[in-house]
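Okay, here's what each chain looks like letter by letter:
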Amino acid sequence: MSTSTENDLLARVKGGLFIAGQWVPSESGKTFDVLDPATGNVIKSIADASATDARAAMDAAAAAQDSWAATAPRVRGEILRRTFDLLQERADEFALLMTLEMGKPLAEARGEVTYGGEFLRWFSEEAVRISGRYGTNPEGTGRMIVTQRPVGPCYLVTPWNFPLAMATRKIAPALAAGCTVIIKPAALTPLTTLHLVALLEEAGLPKGVVNVLTSTSSAQVSEPILSDHRLRKLSFTGSTPVGVALLKQAADGVLRTSMELGGNAPFVVFDDADLDKAVDGAMIAKFRNIGQACTAANRFIVHESVADEFAARVAERVKAMKVGRGTEEGVTIGPLIDDKAVAKVGELVSDAVSRGATLLTGGHAIDGEGSFYAPTVIAGVPAGSDILIEEIFGPVLSIVTFSGENEAVRLANSTEYGLVGYVFTRDLARAHRMIDAIDTGMMGINVGVVSNAAAPFGGLKQSGLGREGGAEGIHEYLSTKYTLIPDPTA
Ligand code: NAD
């Protein structure tokens, strides 16, 4: 990938705030730098929104709400569909942009364009399928009408790890339902959202329906929005502690909320598993996105009779991984998002090793430019190690063993999180027992990735509230209205 291609793309990304259909600088005049985590170099400076900008975005979203809600569902759907088509035409540049600002290998960034784009297509189709109910009441004296209407203006807050998909997974259902939005992407990877919103604009989105705030002051920018009585909904994807703080703020306005929070996924390998499939699944579930996914397998819980073979086979695969800048041919492990992330992963590995875990490969940061950590496998991780309790968010595969099914379930469920679980077994009855027994919102049986725009994505326990995608996704942005009328034929 030539640097001139990269520079040309970065020059075309709009660097302002998008408020009421205008690209504008922050009223404070402030900007901030976006870095390439593979080099540490500044790739673009963009507007740094203030609380005043946030109020302007709130005004714009509120002003556009009624006319957007009154826009025909087919028209709303077609704008999303046109955006999907434009995204397909520009798939390569969106992939490159994500690799530049977030670091994931280009092939994975292309995969995210496919996955993220599907939310635009799926919800373009859902926009025209919003339905209700009509029936006679049990007494036979009246007719009951149940309709769905848009919740109203929404505040969407997204993380840095999937810059496109986390934005489309919220924007598309909100727009399909007839809601206007203010979106605040993470300051580490804001460029993809800006570029996406330029596509929506090109696809004919009316002014004020989507507003974008990029900012290094998340709390200051969010406060005036969350405390504004015109806001009706908060949809957040990010860490559990920030989610909890925002839920408390949302309580004051009795806001509808959707919260996609952290994960600590168990990956259980039974002694009857097809080990080829388990190893393939492990590589995807662990190393996709450099391990920086809420759905990343965090704890490999492997039957003692196959643990050594499983560990040896994954270690062999991990040793063959190519680490480097995501734009380079053949790279499978890019940088972590920043040096803080490298330090945190290093601490988790040191803690486990100091307690007696065996390091099979990796286990160190990589010197030189950028924020790289070597892909790592550790086995025999003792109970109580931090790495089993916290989200690793890095390329470290950590293995514990079990001997019986009940023990596997107990280990899988011994976390405050409950986003996704992976189970590898050839026994269909056991697979069904695991689906019932493991406390997560999603399960993969003999697969290492489950995400799909057509599926309800979301977690239990401290992993969140609500579901994104699937038939459920649009309901997060709709409220139910019930009407009774006397029986018109009486
Ligand atoms: P984060 O919680 O630090 O930040 C998420 C977003 O919240 C960012 O836009 C950030 O700027 C904003 N934010 C931070 N503090 C805020 C405040 N006080 N007020 C308002 N906004 C604030 O998370 P992150 O580091 O960007 O992302 C990683 C986390 O996201 C991990 O825990 C991961 O598991 C989670 N995640 C969850 C899902 C899911 O669907 N469940 C998907 C992707 C990531």
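These numbers come from a predicted model, not from an experiment. (Residues numbered from 1 in each chain as written. Predicted model: local features only at pLDDT ≥ 70, side-chain atom pairs only at ≥ 80, totals over all residues. Heavy atoms only, no water.)

### Comments concerning the overall build of the chain
Argument step 1. Looking only at helices and strands, the chain features 15 helices and 24 strands.
Argument step 2. Relative to the 2.2 N^0.38 estimate, which gives 23 Å for 490 residues, the radius of gyration of the chain is 23 Å and therefore close to what a compact globule would have.
Argument step 3. Each principal axis of the C-alpha atoms in the chain carries an extent, and together these give about 70 × 65 × 40 Å.
Argument step 4. Considering only residue pairs separated by 6 or more positions, the chain has 74% of its internal contacts joining residues 24 or more positions apart.
Argument step 5. Side chains of the chain give 45 positive and 57 negative charges; the mean places of these two sets differ by 5 Å. (Helix = DSSP H or I, 4+ residues; strand = E, 2+ residues; numbered from the N terminus. Rg over C-alpha atoms; globule rule 2.2 N^0.38 Å. Contact = heavy atoms within 4.5 Å. Lys, Arg positive; Asp, Glu negative; His and termini not counted. Charge placed at Lys NZ, Arg CZ, Asp CG, Glu CD.)

### What to know about the domain arrangement of the chain
Argument step 1. If you check the domain split of the chain, you get domain 1 (4-261 + 464-481) and domain 2 (265-454).
Argument step 2. For domain 1 versus domain 2, the separation of C-alpha centres amounts to 30 Å.
Argument step 3. On the side of domain 2, 30 residues touch domain 1, which itself brings 30 residues to the contact.
Argument step 4. Between the two partners, domain 1 and domain 2, sit two salt bridges.
Argument step 5. When the shortest N-O distance is used, the salt bridge between Glu 6 and Arg 325 registers 3.2 Å.
Argument step 6. Listing elements by their share of the side of domain 1 that touches domain 2, those giving two or more residues are helix H4 (91-102) and helix H5 (106-126). (Domains from an automatic or database assignment. Salt bridge = Lys/Arg side-chain N within 4 Å of Asp/Glu carboxyl O.)

### Thoughts on the pattern of salt bridges
Once their charged atoms are close, side chains differing in charge can pair, the charge on each being opposite to the other.
Argument step 1. Applying the stated criterion across every chain yields a total of 26 salt bridges.
Argument step 2. Measuring nitrogen to oxygen at the nearest pair gives 2.8 Å for the salt bridge that ties Glu 118 to Arg 121. Pair noted here: Glu 118 and Arg 121 are both in helix H5, with a separation of three residues, about one helical turn.
Argument step 3. By relative accessible area, Glu 118 is classed as partly exposed at 24%.
Argument step 4. Looking at Arg 121, the relative accessible area reads 27%, which means it is partly exposed.
Argument step 5. Here Arg 313 ties to Glu 309 by a salt bridge, and the two come within 3.3 Å at their closest N and O atoms. Highlighted residues: Arg 313 and Glu 309, both in helix H11 (residues 307-319), separated by four residues, approximately one helical turn.
Argument step 6. Judged by relative accessible area, which is 42%, Glu 309 ranks as partly exposed. (Buried < 20%, exposed > 50% of the residue type's maximum accessible area, 1.4 Å probe, protein only.)

### Some details on unusual backbone geometry
Argument step 1. Positive phi, normally seen in glycine, also occurs at Ala 20, with a value near 55°.
Argument step 2. Phi angles above zero are rare outside glycine, and Ile 290 is one such case at about 60°.
Argument step 3. Within the fold, Ile 290 resides in the loop between helix H10 (275-287) and strand S13 (297-303).

### Some thoughts on the packing of H4 against H5
Argument step 1. At a minimum axis separation of 8 Å, H4 and H5 run at an interaxial angle of 120°. Here H5 runs oblique to H4, going by the angle between their axes. Between H4 and H5 lies a crossing of right-handed hand. When H4 is examined against H5, the residues Ala 91, Asp 92, Phe 94, Ala 95, Leu 96, Met 98 and Thr 99 are found in contact with a partner set consisting of Leu 106, Ala 109, Arg 110, Glu 112 and Val 113.
Argument step 2. Residue classes in the contact of H4 with H5 are distributed as eight nonpolar, one polar and three charged. (Axes fitted to C-alpha atoms, helices over the stretch in contact; angles between N-to-C directions. Parallel < 35°, antiparallel > 145°, perpendicular 65-115°, else oblique. Left-handed = near helix turned anticlockwise from the far one by under 90°. Nonpolar A, V, L, I, M, F, W, Y, C, P; charged D, E, K, R; others polar.)

### Some points on the site of the ligand
Argument step 1. The full set close to the ligand counts 28 residues, and Thr 158, Arg 169, Ser 239, Leu 261 and Glu 391 are the nearest of them.
Argument step 2. Within the backbone of Thr 158, an N or O atom sits 2.7 Å from an oxygen atom of the ligand.
Argument step 3. Relative to its unbound accessible surface of 840 Å², the ligand loses 85% to contact with the protein.
Argument step 4. Contributing elements (two or more residues each) for the shell around the ligand: helix H6 (165-177), helix H8 (218-226), strand S10 (233-237) and helix H9 (240-252).
Argument step 5. Among the elements that take part in the shell around the ligand, H8 stands out by supplying three residues, more than any other.
Argument step 6. Two domains each provide a minimum of three residues to the shell around the ligand, namely domain 1 (4-261 + 464-481) and domain 2 (265-454). (Near = heavy atom within 4 Å. Polar contact = N/O pair within 3.5 Å; in protein donor to acceptor, adjacent residues only side chain to side chain. Areas by Shrake-Rupley, 256 points an atom, 1.4 Å probe, with all protein chains shown as cover.)

### Points about the pairing of strand S6 (residues 142-150)
Argument step 1. Looking at chain direction, strand S5 (residues 133-136) and S6 are connected through four bridges and run antiparallel. Residue pairing for S6: Gly 135 is matched across the bridge by Met 144.
Argument step 2. Connecting the antiparallel pair S5 and S6 is a turn made up of five residues, with Gly 140 showing a positive phi of about 80°.
Argument step 3. Where S6 lies against strand S24 (residues 478-486), nine bridges are found, and the strand directions are antiparallel. In the strand pairing of S24, Arg 143 is matched with Ile 485. (Pairing = 2+ DSSP bridges.)

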